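# Architecture and fold: a report
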Amino acid sequence: MDTRAFDPAMIVAVIPDLLRFLDVTLLVAITSIVLGSLGGIALAWMKLSKKRVLFAIAEAYIYIMRCTPSIVLLFIVFYGLPELLFSFFGFNANTVHRAVFAILTFTLLFSAYISEVFRAAYLAVPKGQYEAAVSIGLSPWQAVFRVVLPQAAVIALPNFGNATINLMKEGALAYTIGLIDLIGQGSLIIAQNFGAYGIETYTACMLIYWILTLLIEQAFARLERRLDKGQSFAVRDAAKKPGFLPNWMKGGEAHGA
Amino acid sequence: MELDYEFMQKTFFEVWQGAGVTLSLTALSLLIATAPAFYLAVLRLRGSTASRSIARLYVSFVRGTPIILQILLLYSLLPSILNVLVKAAGLDFNIFESVSPFWYAVVVFSLNTTALLAEVFRSALLAIPKGQLEAGLSIGLSELTTYVRVIIPQALVVALPNICNVTVNLIKGTSLAFLMTVKDVMAIGKVSASYGYNYIEAYVDVFVVYLVLCSIVQVLYRFAELRLGAFRGNDWN
(Lines give C-alpha, C1' and ligand atoms only; values in the text may rest on other atoms or scores of the structure.)
Protein backbone atom coordinates (compact mmCIF):
# COMPACT_ATOMS: atom_id res chain seq x y z
CA MET A 1 0.00 0.00 0.00
CA ASP A 2 1.38 3.38 -0.88
CA THR A 3 0.86 5.47 2.18
CA ARG A 4 -0.06 9.08 1.79
CA ALA A 5 1.94 11.29 4.08
CA PHE A 6 0.30 12.52 7.24
CA ASP A 7 -0.92 16.03 6.60
CA PRO A 8 -1.04 18.20 9.74
CA ALA A 9 -2.48 21.14 7.78
CA MET A 10 -5.58 19.04 7.19
CA ILE A 11 -6.22 18.86 10.95
CA VAL A 12 -6.53 22.62 11.11
CA ALA A 13 -8.49 22.74 7.88
CA VAL A 14 -11.31 20.46 9.07
CA ILE A 15 -11.76 22.09 12.48
CA PRO A 16 -14.13 24.88 11.28
CA ASP A 17 -16.23 22.28 9.48
CA LEU A 18 -16.43 20.18 12.62
CA LEU A 19 -17.18 23.09 14.90
CA ARG A 20 -20.37 23.83 13.00
CA PHE A 21 -21.80 20.72 14.66
CA LEU A 22 -20.43 21.38 18.10
CA ASP A 23 -23.82 22.77 19.12
CA VAL A 24 -25.49 19.38 18.55
CA THR A 25 -22.91 17.68 20.77
CA LEU A 26 -23.28 20.33 23.45
CA LEU A 27 -27.07 20.38 23.23
CA VAL A 28 -27.29 16.62 23.76
CA ALA A 29 -24.83 16.79 26.65
CA ILE A 30 -26.35 19.78 28.41
CA THR A 31 -29.96 18.61 28.09
CA SER A 32 -28.98 15.18 29.42
CA ILE A 33 -27.13 16.75 32.31
CA VAL A 34 -30.05 18.97 33.29
CA LEU A 35 -32.66 16.21 33.01
CA GLY A 36 -30.31 13.63 34.49
CA SER A 37 -29.65 15.85 37.49
CA LEU A 38 -33.37 16.05 38.17
CA GLY A 39 -33.55 12.27 37.95
CA GLY A 40 -30.47 12.03 40.13
CA ILE A 41 -32.08 14.19 42.81
CA ALA A 42 -35.14 11.95 42.79
CA LEU A 43 -33.00 8.80 43.02
CA ALA A 44 -30.84 10.23 45.80
CA TRP A 45 -33.99 11.15 47.69
CA MET A 46 -35.29 7.61 47.22
CA LYS A 47 -32.05 6.13 48.50
CA LEU A 48 -32.13 8.38 51.56
CA SER A 49 -35.78 7.66 52.29
CA LYS A 50 -36.81 5.27 55.01
CA LYS A 51 -39.31 3.46 52.80
CA ARG A 52 -37.63 0.20 51.90
CA VAL A 53 -39.43 -0.18 48.58
CA LEU A 54 -38.20 3.17 47.30
CA PHE A 55 -34.70 2.42 48.53
CA ALA A 56 -34.66 -0.97 46.82
CA ILE A 57 -35.93 0.43 43.52
CA ALA A 58 -33.32 3.18 43.47
CA GLU A 59 -30.56 0.79 44.50
CA ALA A 60 -31.47 -1.71 41.79
CA TYR A 61 -31.73 1.00 39.14
CA ILE A 62 -28.34 2.45 40.01
CA TYR A 63 -26.70 -0.97 40.10
CA ILE A 64 -28.12 -1.98 36.73
CA MET A 65 -27.11 1.28 35.08
CA ARG A 66 -23.61 0.95 36.49
CA CYS A 67 -23.27 -2.42 34.77
CA THR A 68 -24.74 -1.44 31.41
CA PRO A 69 -22.47 -0.30 28.59
CA SER A 70 -23.84 2.99 27.30
CA ILE A 71 -23.83 1.72 23.75
CA VAL A 72 -26.08 -1.20 24.67
CA LEU A 73 -28.54 1.12 26.40
CA LEU A 74 -28.38 3.51 23.47
CA PHE A 75 -29.22 0.70 21.03
CA ILE A 76 -32.03 -0.63 23.24
CA VAL A 77 -33.54 2.85 23.44
CA PHE A 78 -33.02 3.70 19.80
CA TYR A 79 -34.10 0.40 18.23
CA GLY A 80 -36.37 -0.96 20.93
CA LEU A 81 -38.34 2.02 22.15
CA PRO A 82 -40.06 2.88 18.86
CA GLU A 83 -41.30 -0.72 18.61
CA LEU A 84 -42.65 -0.59 22.15
CA LEU A 85 -44.32 2.77 21.65
CA PHE A 86 -45.90 1.64 18.43
CA SER A 87 -47.32 -1.58 19.76
CA PHE A 88 -48.67 -0.11 22.99
CA PHE A 89 -49.79 3.34 21.93
CA GLY A 90 -49.77 3.12 18.15
CA PHE A 91 -47.34 6.00 18.22
CA ASN A 92 -44.98 6.18 15.31
CA ALA A 93 -41.64 7.21 16.76
CA ASN A 94 -39.75 6.88 13.53
CA THR A 95 -40.14 10.57 12.82
CA VAL A 96 -38.75 11.57 16.20
CA HIS A 97 -35.36 13.20 15.93
CA ARG A 98 -32.42 10.97 16.77
CA ALA A 99 -31.14 13.48 19.29
CA VAL A 100 -34.18 12.70 21.45
CA PHE A 101 -33.12 9.06 21.75
CA ALA A 102 -29.57 10.07 22.58
CA ILE A 103 -30.77 12.53 25.23
CA LEU A 104 -33.10 9.92 26.74
CA THR A 105 -30.29 7.36 26.97
CA PHE A 106 -27.77 9.71 28.51
CA THR A 107 -30.38 11.06 30.93
CA LEU A 108 -31.04 7.52 32.17
CA LEU A 109 -27.32 6.91 32.62
CA PHE A 110 -26.44 10.26 34.10
CA SER A 111 -29.20 10.18 36.69
CA ALA A 112 -27.80 6.91 38.04
CA TYR A 113 -24.20 8.18 38.18
CA ILE A 114 -25.06 11.53 39.66
CA SER A 115 -27.50 10.30 42.28
CA GLU A 116 -24.63 8.67 44.16
CA VAL A 117 -22.70 11.94 44.03
CA PHE A 118 -25.67 13.87 45.40
CA ARG A 119 -26.35 11.34 48.12
CA ALA A 120 -22.74 11.24 49.29
CA ALA A 121 -22.59 15.03 49.33
CA TYR A 122 -25.80 15.31 51.33
CA LEU A 123 -24.52 12.79 53.87
CA ALA A 124 -21.19 14.59 54.09
CA VAL A 125 -22.77 17.65 55.67
CA PRO A 126 -22.65 17.08 59.43
CA LYS A 127 -26.02 16.49 61.04
CA GLY A 128 -25.27 19.22 63.54
CA GLN A 129 -25.74 21.79 60.77
CA TYR A 130 -29.35 20.76 60.36
CA GLU A 131 -29.93 20.57 64.10
CA ALA A 132 -28.35 23.96 64.65
CA ALA A 133 -30.53 25.49 61.95
CA VAL A 134 -33.69 23.99 63.41
CA SER A 135 -32.71 24.99 66.93
CA ILE A 136 -32.51 28.66 65.99
CA GLY A 137 -36.05 28.47 64.67
CA LEU A 138 -35.82 27.60 60.96
CA SER A 139 -38.43 25.17 59.72
CA PRO A 140 -37.10 21.75 58.65
CA TRP A 141 -37.53 22.69 54.98
CA GLN A 142 -35.70 25.97 55.46
CA ALA A 143 -32.96 24.16 57.31
CA VAL A 144 -32.48 21.78 54.41
CA PHE A 145 -32.72 24.36 51.64
CA ARG A 146 -30.85 27.22 53.25
CA VAL A 147 -28.23 25.42 55.30
CA VAL A 148 -27.66 21.81 54.29
CA LEU A 149 -28.08 21.88 50.50
CA PRO A 150 -25.81 24.88 49.81
CA GLN A 151 -23.02 23.12 51.66
CA ALA A 152 -23.77 19.81 49.98
CA ALA A 153 -23.66 21.49 46.58
CA VAL A 154 -20.08 22.64 47.11
CA ILE A 155 -19.07 19.17 48.25
CA ALA A 156 -20.71 17.61 45.20
CA LEU A 157 -19.12 20.01 42.76
CA PRO A 158 -15.84 18.22 41.90
CA ASN A 159 -17.60 14.90 41.32
CA PHE A 160 -20.34 16.64 39.40
CA GLY A 161 -17.65 18.11 37.17
CA ASN A 162 -16.16 14.67 36.59
CA ALA A 163 -19.55 13.19 35.77
CA THR A 164 -20.19 16.05 33.35
CA ILE A 165 -16.94 15.39 31.53
CA ASN A 166 -17.66 11.67 31.39
CA LEU A 167 -21.10 12.30 30.02
CA MET A 168 -19.76 14.60 27.35
CA LYS A 169 -17.33 11.91 26.28
CA GLU A 170 -20.02 9.25 26.28
CA GLY A 171 -22.15 11.58 24.20
CA ALA A 172 -19.68 10.86 21.42
CA LEU A 173 -21.45 7.51 21.03
CA ALA A 174 -24.51 9.26 19.66
CA TYR A 175 -23.02 9.18 16.20
CA THR A 176 -23.48 5.38 16.14
CA ILE A 177 -27.23 5.89 15.84
CA GLY A 178 -26.71 8.31 13.00
CA LEU A 179 -26.90 11.59 14.85
CA ILE A 180 -24.83 14.20 13.05
CA ASP A 181 -22.81 15.67 15.86
CA LEU A 182 -19.12 16.44 15.98
CA ILE A 183 -18.00 12.90 15.21
CA GLY A 184 -20.92 12.28 12.86
CA GLN A 185 -19.75 15.25 10.84
CA GLY A 186 -16.20 13.93 11.09
CA SER A 187 -17.18 10.65 9.49
CA LEU A 188 -19.14 12.51 6.83
CA ILE A 189 -16.03 14.51 5.99
CA ILE A 190 -14.03 11.31 5.76
CA ALA A 191 -16.67 9.80 3.49
CA GLN A 192 -16.61 12.89 1.28
CA ASN A 193 -12.87 12.47 0.95
CA PHE A 194 -13.44 8.87 -0.12
CA GLY A 195 -12.03 7.51 3.12
CA ALA A 196 -8.92 9.64 3.07
CA TYR A 197 -7.77 11.94 5.85
CA GLY A 198 -9.34 9.69 8.49
CA ILE A 199 -6.42 10.10 10.86
CA GLU A 200 -6.35 13.87 10.48
CA THR A 201 -10.10 14.27 10.96
CA TYR A 202 -10.22 12.07 14.04
CA THR A 203 -7.24 13.91 15.49
CA ALA A 204 -9.09 17.18 14.99
CA CYS A 205 -12.15 15.74 16.79
CA MET A 206 -9.93 14.60 19.64
CA LEU A 207 -8.35 18.01 20.00
CA ILE A 208 -11.76 19.64 20.17
CA TYR A 209 -12.91 17.21 22.85
CA TRP A 210 -9.71 17.61 24.79
CA ILE A 211 -10.02 21.39 24.83
CA LEU A 212 -13.66 21.12 25.86
CA THR A 213 -12.71 18.83 28.75
CA LEU A 214 -9.99 21.16 29.93
CA LEU A 215 -12.37 24.13 29.76
CA ILE A 216 -15.03 22.32 31.77
CA GLU A 217 -12.42 21.30 34.35
CA GLN A 218 -11.28 24.89 34.68
CA ALA A 219 -14.84 26.18 34.93
CA PHE A 220 -15.68 23.77 37.73
CA ALA A 221 -12.48 24.55 39.62
CA ARG A 222 -13.33 28.25 39.50
CA LEU A 223 -16.93 27.70 40.46
CA GLU A 224 -15.81 25.64 43.41
CA ARG A 225 -13.54 28.39 44.64
CA ARG A 226 -16.34 30.92 44.31
CA LEU A 227 -19.09 28.91 45.98
CA ASP A 228 -16.81 27.71 48.69
CA LYS A 229 -17.24 31.05 50.50
CA GLY A 230 -13.80 30.80 51.96
CA GLN A 231 -14.32 27.61 53.88
CA SER A 232 -12.18 24.66 52.90
CA PHE A 233 -9.97 26.63 50.52
CA ALA A 234 -9.20 29.15 53.23
CA VAL A 235 -8.09 26.33 55.46
CA ARG A 236 -5.99 24.85 52.70
CA ASP A 237 -4.41 28.17 51.80
CA ALA A 238 -3.66 28.88 55.42
CA ALA A 239 -1.88 25.57 55.66
CA LYS A 240 0.40 26.60 52.83
CA LYS A 241 1.42 29.89 54.44
CA PRO A 242 4.47 29.75 56.64
CA GLY A 243 2.95 29.53 60.05
CA PHE A 244 3.96 29.07 63.59
CA LEU A 245 5.20 25.54 63.08
CA PRO A 246 7.57 24.53 60.31
CA ASN A 247 5.90 22.30 57.76
CA TRP A 248 7.67 19.10 58.68
CA MET A 249 6.35 19.27 62.21
CA LYS A 250 2.73 19.36 61.18
CA GLY A 251 2.66 15.64 60.46
CA GLY A 252 0.06 13.70 58.52
CA GLU A 253 1.79 14.51 55.28
CA ALA A 254 1.03 12.51 52.23
CA HIS A 255 3.46 10.07 50.76
CA GLY A 256 4.70 12.39 48.04
CA ALA A 257 8.12 10.86 48.45
CA MET B 1 -45.93 -6.40 20.90
CA GLU B 2 -44.88 -9.97 21.33
CA LEU B 3 -41.30 -10.62 22.27
CA ASP B 4 -39.88 -13.54 20.38
CA TYR B 5 -38.87 -15.63 23.39
CA GLU B 6 -37.57 -18.51 21.37
CA PHE B 7 -35.22 -16.21 19.48
CA MET B 8 -34.24 -14.56 22.73
CA GLN B 9 -33.31 -17.87 24.30
CA LYS B 10 -31.33 -19.00 21.29
CA THR B 11 -29.52 -15.68 21.00
CA PHE B 12 -28.76 -15.62 24.69
CA PHE B 13 -26.52 -18.64 24.38
CA GLU B 14 -24.95 -17.33 21.20
CA VAL B 15 -24.16 -14.03 22.84
CA TRP B 16 -22.53 -15.82 25.76
CA GLN B 17 -19.94 -17.18 23.37
CA GLY B 18 -18.60 -13.66 23.06
CA ALA B 19 -18.01 -13.43 26.79
CA GLY B 20 -14.63 -15.10 26.37
CA VAL B 21 -13.45 -12.42 23.97
CA THR B 22 -14.82 -9.63 26.16
CA LEU B 23 -13.17 -11.02 29.27
CA SER B 24 -9.83 -11.82 27.66
CA LEU B 25 -9.75 -8.36 26.12
CA THR B 26 -10.41 -6.87 29.55
CA ALA B 27 -7.91 -9.07 31.37
CA LEU B 28 -5.14 -8.61 28.81
CA SER B 29 -5.57 -4.84 28.75
CA LEU B 30 -5.46 -4.68 32.54
CA LEU B 31 -2.37 -6.88 32.72
CA ILE B 32 -0.51 -4.95 30.06
CA ALA B 33 -1.49 -1.60 31.53
CA THR B 34 -0.47 -2.31 35.12
CA ALA B 35 3.30 -1.86 34.85
CA PRO B 36 3.34 1.31 32.73
CA ALA B 37 0.53 2.76 34.83
CA PHE B 38 2.55 2.23 37.98
CA TYR B 39 5.55 3.78 36.33
CA LEU B 40 3.48 6.81 35.29
CA ALA B 41 2.10 7.14 38.81
CA VAL B 42 5.59 7.10 40.32
CA LEU B 43 6.77 9.57 37.67
CA ARG B 44 3.99 11.96 38.58
CA LEU B 45 4.90 11.74 42.24
CA ARG B 46 8.67 11.92 42.13
CA GLY B 47 9.85 12.36 38.55
CA SER B 48 11.68 15.35 37.17
CA THR B 49 9.63 18.34 36.09
CA ALA B 50 9.77 17.27 32.47
CA SER B 51 8.71 13.68 33.05
CA ARG B 52 6.00 14.84 35.44
CA SER B 53 4.47 17.04 32.80
CA ILE B 54 4.74 14.36 30.12
CA ALA B 55 2.93 11.93 32.41
CA ARG B 56 0.30 14.56 33.20
CA LEU B 57 -0.17 15.39 29.54
CA TYR B 58 -0.68 11.75 28.63
CA VAL B 59 -3.21 11.16 31.40
CA SER B 60 -5.04 14.38 30.62
CA PHE B 61 -5.21 13.61 26.92
CA VAL B 62 -6.49 10.07 27.33
CA ARG B 63 -9.00 11.07 29.98
CA GLY B 64 -10.06 14.12 28.02
CA THR B 65 -11.04 12.40 24.81
CA PRO B 66 -13.84 9.90 24.17
CA ILE B 67 -12.71 6.29 23.93
CA ILE B 68 -14.68 5.92 20.73
CA LEU B 69 -12.42 8.48 19.07
CA GLN B 70 -9.34 6.74 20.40
CA ILE B 71 -10.65 3.55 18.83
CA LEU B 72 -11.44 5.18 15.49
CA LEU B 73 -8.10 6.96 15.35
CA LEU B 74 -5.88 4.06 16.37
CA TYR B 75 -7.79 1.61 14.24
CA SER B 76 -6.99 3.67 11.17
CA LEU B 77 -3.49 4.54 12.34
CA LEU B 78 -2.04 1.32 13.74
CA PRO B 79 -2.28 -0.95 10.69
CA SER B 80 -0.55 1.63 8.48
CA ILE B 81 2.21 2.21 10.99
CA LEU B 82 2.76 -1.51 11.42
CA ASN B 83 2.80 -1.92 7.68
CA VAL B 84 5.48 0.72 7.28
CA LEU B 85 7.54 -0.89 10.03
CA VAL B 86 7.25 -4.35 8.52
CA LYS B 87 8.15 -3.03 5.08
CA ALA B 88 11.11 -1.18 6.54
CA ALA B 89 12.29 -4.37 8.20
CA GLY B 90 12.10 -6.04 4.81
CA LEU B 91 9.70 -8.75 5.91
CA ASP B 92 7.22 -10.31 3.57
CA PHE B 93 4.23 -10.21 5.84
CA ASN B 94 0.80 -8.88 5.12
CA ILE B 95 -0.31 -6.86 8.13
CA PHE B 96 -3.80 -6.20 6.83
CA GLU B 97 -4.68 -9.86 6.56
CA SER B 98 -2.72 -11.57 9.27
CA VAL B 99 -3.16 -9.38 12.35
CA SER B 100 -6.47 -10.01 14.05
CA PRO B 101 -8.36 -6.84 15.03
CA PHE B 102 -8.43 -8.27 18.53
CA TRP B 103 -4.82 -7.14 18.96
CA TYR B 104 -5.58 -3.61 17.86
CA ALA B 105 -8.34 -3.61 20.44
CA VAL B 106 -5.87 -4.80 23.07
CA VAL B 107 -3.53 -1.93 22.19
CA VAL B 108 -6.30 0.70 22.32
CA PHE B 109 -7.72 -0.48 25.62
CA SER B 110 -4.27 -0.95 27.18
CA LEU B 111 -3.29 2.62 26.31
CA ASN B 112 -6.59 3.86 27.71
CA THR B 113 -6.42 1.78 30.87
CA THR B 114 -2.83 2.85 31.51
CA ALA B 115 -3.95 6.44 31.99
CA LEU B 116 -6.90 5.52 34.18
CA LEU B 117 -4.88 3.14 36.35
CA ALA B 118 -2.06 5.69 36.68
CA GLU B 119 -4.50 8.03 38.41
CA VAL B 120 -5.75 5.23 40.65
CA PHE B 121 -2.22 4.20 41.64
CA ARG B 122 -1.19 7.78 42.23
CA SER B 123 -4.00 8.46 44.65
CA ALA B 124 -3.38 5.14 46.38
CA LEU B 125 0.32 5.93 46.83
CA LEU B 126 -0.60 9.36 48.16
CA ALA B 127 -2.81 7.69 50.76
CA ILE B 128 0.14 5.88 52.33
CA PRO B 129 1.84 8.10 54.92
CA LYS B 130 5.40 9.11 54.17
CA GLY B 131 6.45 7.62 57.51
CA GLN B 132 6.00 4.14 56.07
CA LEU B 133 8.80 4.72 53.57
CA GLU B 134 10.99 6.36 56.18
CA ALA B 135 10.37 3.56 58.65
CA GLY B 136 11.28 0.97 56.03
CA LEU B 137 14.51 2.79 55.17
CA SER B 138 15.40 3.33 58.80
CA ILE B 139 15.36 -0.38 59.58
CA GLY B 140 17.71 -0.99 56.71
CA LEU B 141 15.45 -2.05 53.84
CA SER B 142 16.33 -0.75 50.43
CA GLU B 143 13.90 1.65 48.80
CA LEU B 144 12.79 -1.01 46.34
CA THR B 145 12.17 -3.57 49.08
CA THR B 146 10.23 -1.00 51.08
CA TYR B 147 8.04 -0.33 48.08
CA VAL B 148 7.48 -4.00 47.32
CA ARG B 149 6.92 -5.24 50.84
CA VAL B 150 5.54 -2.27 52.74
CA ILE B 151 4.04 0.39 50.53
CA ILE B 152 2.53 -1.52 47.61
CA PRO B 153 0.66 -4.07 49.78
CA GLN B 154 -1.00 -1.23 51.64
CA ALA B 155 -1.58 0.91 48.58
CA LEU B 156 -3.12 -2.01 46.73
CA VAL B 157 -5.85 -2.37 49.33
CA VAL B 158 -6.60 1.34 49.10
CA ALA B 159 -6.64 1.11 45.32
CA LEU B 160 -8.79 -2.01 44.98
CA PRO B 161 -12.23 -0.36 44.97
CA ASN B 162 -11.01 2.01 42.27
CA ILE B 163 -9.35 -0.79 40.31
CA CYS B 164 -12.71 -2.56 40.48
CA ASN B 165 -14.33 0.55 39.01
CA VAL B 166 -11.76 0.70 36.24
CA THR B 167 -12.33 -2.99 35.48
CA VAL B 168 -16.11 -2.64 35.33
CA ASN B 169 -15.76 0.41 33.10
CA LEU B 170 -13.30 -1.47 30.93
CA ILE B 171 -15.70 -4.39 30.50
CA LYS B 172 -18.35 -1.90 29.48
CA GLY B 173 -15.87 -0.06 27.30
CA THR B 174 -14.86 -3.17 25.39
CA SER B 175 -18.40 -3.26 24.02
CA LEU B 176 -17.11 -0.64 21.57
CA ALA B 177 -14.64 -3.13 20.14
CA PHE B 178 -17.30 -4.10 17.63
CA LEU B 179 -16.25 -0.95 15.75
CA MET B 180 -12.98 -2.78 15.11
CA THR B 181 -14.86 -5.91 14.01
CA VAL B 182 -13.86 -7.80 17.15
CA LYS B 183 -16.41 -10.54 17.81
CA ASP B 184 -17.24 -9.81 21.42
CA VAL B 185 -20.61 -9.97 23.22
CA MET B 186 -21.83 -6.73 21.69
CA ALA B 187 -20.79 -7.65 18.17
CA ILE B 188 -22.55 -11.03 18.25
CA GLY B 189 -25.65 -9.37 19.66
CA LYS B 190 -25.55 -6.73 16.96
CA VAL B 191 -25.31 -9.30 14.20
CA SER B 192 -28.23 -11.33 15.54
CA ALA B 193 -30.20 -8.14 16.09
CA SER B 194 -29.96 -6.95 12.52
CA TYR B 195 -30.42 -10.43 11.07
CA GLY B 196 -34.12 -10.63 11.84
CA TYR B 197 -34.77 -7.09 13.10
CA ASN B 198 -35.18 -8.51 16.63
CA TYR B 199 -33.50 -5.52 18.20
CA ILE B 200 -35.05 -5.52 21.65
CA GLU B 201 -34.59 -9.23 22.19
CA ALA B 202 -30.95 -9.30 21.12
CA TYR B 203 -29.88 -6.19 22.99
CA VAL B 204 -31.68 -7.25 26.16
CA ASP B 205 -29.68 -10.47 25.95
CA VAL B 206 -26.47 -8.50 25.56
CA PHE B 207 -27.50 -6.30 28.45
CA VAL B 208 -28.08 -9.33 30.71
CA VAL B 209 -24.70 -10.78 29.80
CA TYR B 210 -22.91 -7.56 30.73
CA LEU B 211 -24.92 -7.36 33.94
CA VAL B 212 -23.84 -10.88 34.92
CA LEU B 213 -20.19 -10.32 33.95
CA CYS B 214 -19.95 -7.06 35.88
CA SER B 215 -21.63 -8.60 38.92
CA ILE B 216 -19.20 -11.51 38.99
CA VAL B 217 -16.23 -9.17 38.69
CA GLN B 218 -17.51 -6.99 41.50
CA VAL B 219 -17.99 -9.98 43.79
CA LEU B 220 -14.46 -11.19 43.02
CA TYR B 221 -12.98 -7.80 43.83
CA ARG B 222 -14.92 -7.71 47.07
CA PHE B 223 -13.35 -11.04 48.03
CA ALA B 224 -9.90 -9.81 47.08
CA GLU B 225 -10.40 -6.68 49.12
CA LEU B 226 -11.39 -8.63 52.20
CA ARG B 227 -8.47 -10.99 51.80
CA LEU B 228 -5.74 -8.44 50.99
CA GLY B 229 -7.12 -6.09 53.59
CA ALA B 230 -7.03 -8.74 56.29
CA PHE B 231 -4.13 -6.99 57.99
CA ARG B 232 -6.35 -4.10 58.97
CA GLY B 233 -9.13 -6.29 60.36
CA ASN B 234 -12.05 -7.39 58.28
CA ASP B 235 -14.63 -5.26 60.02
CA TRP B 236 -12.51 -2.19 59.42
CA ASN B 237 -14.82 -0.80 56.80
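Heads up: these notes are all about the structure in this document.

Conventions we followed
- Residues numbered from 1 in each chain as written.
- Chains lettered and ligands numbered in written order.
- Predicted model: local features only at pLDDT ≥ 70, side-chain atom pairs only at ≥ 80, totals over all residues.
- Heavy atoms only, no water.
- Helix = DSSP H or I, 4+ residues; strand = E, 2+ residues; numbered from the N terminus.
- Buried < 20%, exposed > 50% of the residue type's maximum accessible area, 1.4 Å probe, protein only.
- Contact = heavy atoms within 4.5 Å.
- Areas by Shrake-Rupley, 256 points an atom, 1.4 Å probe, with all protein chains shown as cover.
- Lys, Arg positive; Asp, Glu negative; His and termini not counted.
- Charge placed at Lys NZ, Arg CZ, Asp CG, Glu CD.
- Buried area = accessible area lost by both parts, 1.4 Å probe.
- Polar contact = N/O pair within 3.5 Å; in protein donor to acceptor, adjacent residues only side chain to side chain.
- Nonpolar A, V, L, I, M, F, W, Y, C, P; charged D, E, K, R; others polar.
- Axes fitted to C-alpha atoms, helices over the stretch in contact; angles between N-to-C directions.
- Parallel < 35°, antiparallel > 145°, perpendicular 65-115°, else oblique.
- Left-handed = near helix turned anticlockwise from the far one by under 90°.
- Disulfide = S-S within 2.5 Å.
- Phe/Tyr/Trp six-rings, centres within 6.5 Å; stacked < 30°, edge-to-face > 60°.

## Here we look at the overall build of chain B
Each helix and strand counted, chain B has 10 helices and 0 strands in total. Along the chain direction, N to C, the helices and strands of chain B fall in the order α-α-α-α-α-α-α-α-α-α. Evaluated residue by residue, chain B yields a buried proportion of 47% over its 237 residues. Nonlocal contacts in chain B, meaning residues at least 24 apart in sequence, comprise 77% of its contacts between residues at least 6 apart. Carbon together with sulfur atoms contributes 66% to the accessible area of chain B, which is approximately 11,800 Å² in total. Put simply, chain B has 16 plus and 14 minus side-chain charges, and the middle of one group is 16 Å from the middle of the other.

## Overview of the overall build of chain A
When helices and strands are tallied, chain A shows 10 helices and 0 strands. Relative to its 257 residues, chain A shows a buried fraction of 41%. The long-range fraction of contacts in chain A, counting pairs at least 24 apart against all pairs at least 6 apart in sequence, stands at 74%.

## Considerations on the interface of chain A and chain B
Contact with chain A, which involves 39 residues of that partner, is made by 51 residues of chain B. Summed over both sides, the interface between chain A and chain B buries roughly 4,200 Å², with carbon and sulfur atoms accounting for 72% of that surface. The interface formed by chain A and chain B contains 7 residue pairs in polar contact (both at pLDDT 80 or more). Among the elements of the structure, α3 (52-66), α4 (70-89) and α9 (198-227) of chain A are those that each provide at least two residues to the side of chain A that touches chain B. Per-class residue counts for the side of chain A that touches chain B are 26 nonpolar, 9 polar and 4 charged.

## Remarks on the packing of α9 of chain A against helix α4 (residues 67-88) of chain B
Axis separation between α9 of chain A and α4 of chain B bottoms out at 9 Å; the angle between their running directions is 155 degrees. The angle between α9 of chain A and α4 of chain B falls in the class roughly antiparallel. You can see that α9 of chain A and α4 of chain B cross each other, and the crossing is left-handed. On α4 of chain B, the residues that touch Ile 199, Tyr 202, Thr 203, Cys 205, Met 206 and Tyr 209 of chain A of α9 of chain A are Leu 69, Gln 70, Leu 72, Leu 73, Ser 76 and Leu 77 of chain B. Of the residues in the contact of α9 of chain A with α4 of chain B, the class split is 9 nonpolar, 3 polar and no charged.

## Description of the side chain of Ser 192 of chain B
Residues and elements named next belong to chain B. Summarising the element assignment, Ser 192 is placed in helix α9 (residues 185-196). Overall, the relative accessible area of 9% leaves Ser 192 in the buried class. The contacts of Ser 192, once residues within four sequence positions are left out, are Phe 7, Thr 11, Glu 14 and Ala 202.

## Examining the state of the cysteines
Going through the model one piece at a time under the given rule, you end up with 0 disulfides over all chains. Cys 214 of chain B supplies the cysteine sulfur nearest to Cys 67 of chain A, a cysteine that is in no disulfide, at a spacing of 4.4 Å. Taking the relative accessible area as the measure of exposure, Cys 67 of chain A reaches 1% and is therefore buried.

## Quick notes on the packing of aromatic side chains
All names here are of chain A. Under the definition given, this model contains 18 aromatic pairs over all chains. Both rings, one in Phe 75 and one in Tyr 79, keep their centres 5.5 Å apart while their planes meet at 75 degrees; by these two values the pair is edge-to-face. With Phe 75 and Tyr 79 both in helix α4 and 4 residues apart, this pair spans about one turn of that helix. By relative accessible area, which is 1% here, Phe 75 ends up buried. On the basis of relative accessibility, which here comes to 23%, the residue Tyr 79 falls in the partly exposed class.

## Structural notes on unusual backbone geometry
Phi is positive for Thr 181 of chain B, which is not a glycine, with a value near 60 degrees. Locating Thr 181 of chain B in the fold gives a position in the loop between α8 (143-173) and α9.

## Some thoughts on the packing of α4 of chain A against helix α5 (residues 98-124) of chain A
Between two packed helices, what matters for the description is the angle formed by their axes and the separation of those axes. All names here are of chain A. For the pair α4 and α5, the least separation of the axes is 9 Å and the interaxial angle reads 130 degrees. Here α4 lies oblique to α5, going by the angle between them. Like other packed secondary-structure pairs, α4 and α5 cross with a definite hand, here right-handed. Contacts from Ser 70, Leu 73, Leu 74, Val 77, Phe 78, Leu 81 and Pro 82 in α4 reach Arg 98, Phe 101, Ala 102, Leu 104, Thr 105, Leu 108 and Leu 109 in α5. Among the residues forming the contact of α4 with α5, the class breakdown is 11 nonpolar, 2 polar and 1 charged.

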